[in-house]
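A structural walkthrough
The chain contents come next:
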Amino acid sequence: MKIIYGPKGTGKTKAIIDCANKAIDEAKGHVIFITDTKRYTHDIKYPIRFLDVTGFDVKSAESLNGFLKGIVAANGDNEYVFLDGVARITGECLCKLESIFASMEKLEKDYGVKFIVTCSASKEELPDFVLKYVD
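Here's a quick rundown of the structure.

Observations concerning the pattern of salt bridges
Throughout the structure, instances matching the rule amount to 9 salt bridges. Two residues, Lys45 and Asp25, come together in a salt bridge whose shortest N-O distance is 3.1 Å. Of this pair, Lys45 sits in the loop between strand S2 (30–35) and strand S3 (49–52) while Asp25 sits in helix H1 (residues 12–26), placing them 20 residues apart in sequence. Given a relative accessible area of 33%, Lys45 falls into the partly exposed group. We classify Asp25 as exposed; its relative accessible area is 59%. Where Asp57 meets Lys59, a salt bridge forms, and the shortest distance between an N and an O atom there is 3.3 Å. On the basis of relative accessibility, which here comes to 62%, the residue Lys59 falls in the exposed class. Salt bridges here are not isolated pairs; linked through shared partners, they connect Asp36, Asp84 and Arg88.

Encoded structure:
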């Protein structure tokens, strides 16, 4: 798992979009980009599956967790899942999202999916369960 972090307005979304667009050039499997807005639809390369969770009623940690598991279960060829704004999507504080990070770690281990996640926080503000994924 890779974490892209920084305070609001520091370019995390641009960085994750750039990572996704580069991943599609080398990926052997599917690349998925998940966010809570249609705003970046045209910034993502066409072959990337763009998912705006607002159309799927994802509004909590539990619903996002189920959504991510469903994506992995639906297609064994999924290779990268980019998740822009995990706390914003769930509407919960990053410090309360340990179960999602544990679930993503398990999905990576069990199914070979790679997660890249943005977190709006400085390095000092990242909880330990997120900090362990920071380079």
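The structure having been displayed, the exposition proceeds.
Digging into the sheet that holds strand S4 (residues 78–83)
On the basis of which strands lie adjacent, the open sheet formed by 5 strands has the order S1-S5-S4-S2-S3 and parallel pairing. A single partner strand is all that each edge strand has here, and the edge strands are strand S1 (2–6) and S3. Recorded for the sheet is a direction-independent mean angle of 15° between the axes of neighbouring strands. Two elements, S2 and S4, share 5 bridges in a ladder whose sense is parallel. Directly across from Val31, in S4, lies its bridge partner Tyr80. Running at roughly 155° to S4, helix H2 (residues 61–74) makes contact with S2, S3, S4 and strand S5 (114–120) of the sheet. Running at roughly 160° to S5, helix H4 (residues 98–111) makes contact with S1, S4 and S5 of the sheet.

Here we look at H2
The end-to-end C-alpha separation of H2 is 20 Å, in line with the 20 Å expected for 14 residues at 1.5 Å each. Of all the positions in H2, only Ala61, Leu64, Asn65, Phe67, Leu68, Ile71 and Val72 are classed as buried. In a view along the axis of H2, the buried residues occupy a sector of 160°, so they form one face of it. Of the exposed residues in H2, those oriented more than 90 degrees away from the buried face are Glu62, Ala73 and Ala74. In this structure, the buried residues of H2 make contact with S2, S3, S4, helix H3 (86–90), H4 and S5.

Criteria and cut-off values
Residues numbered from 1 in each chain as written. Predicted model: local features only at pLDDT ≥ 70, side-chain atom pairs only at ≥ 80, totals over all residues. Heavy atoms only, no water. Salt bridge = Lys/Arg side-chain N within 4 Å of Asp/Glu carboxyl O. Helix = DSSP H or I, 4+ residues; strand = E, 2+ residues; numbered from the N terminus. Buried < 20%, exposed > 50% of the residue type's maximum accessible area, 1.4 Å probe, protein only. Pairing = 2+ DSSP bridges. Axes fitted to C-alpha atoms, helices over the stretch in contact; angles between N-to-C directions. Contact = heavy atoms within 4.5 Å. Expected span 1.5 Å × (residues − 1). Arc of directions from axis to C-beta.

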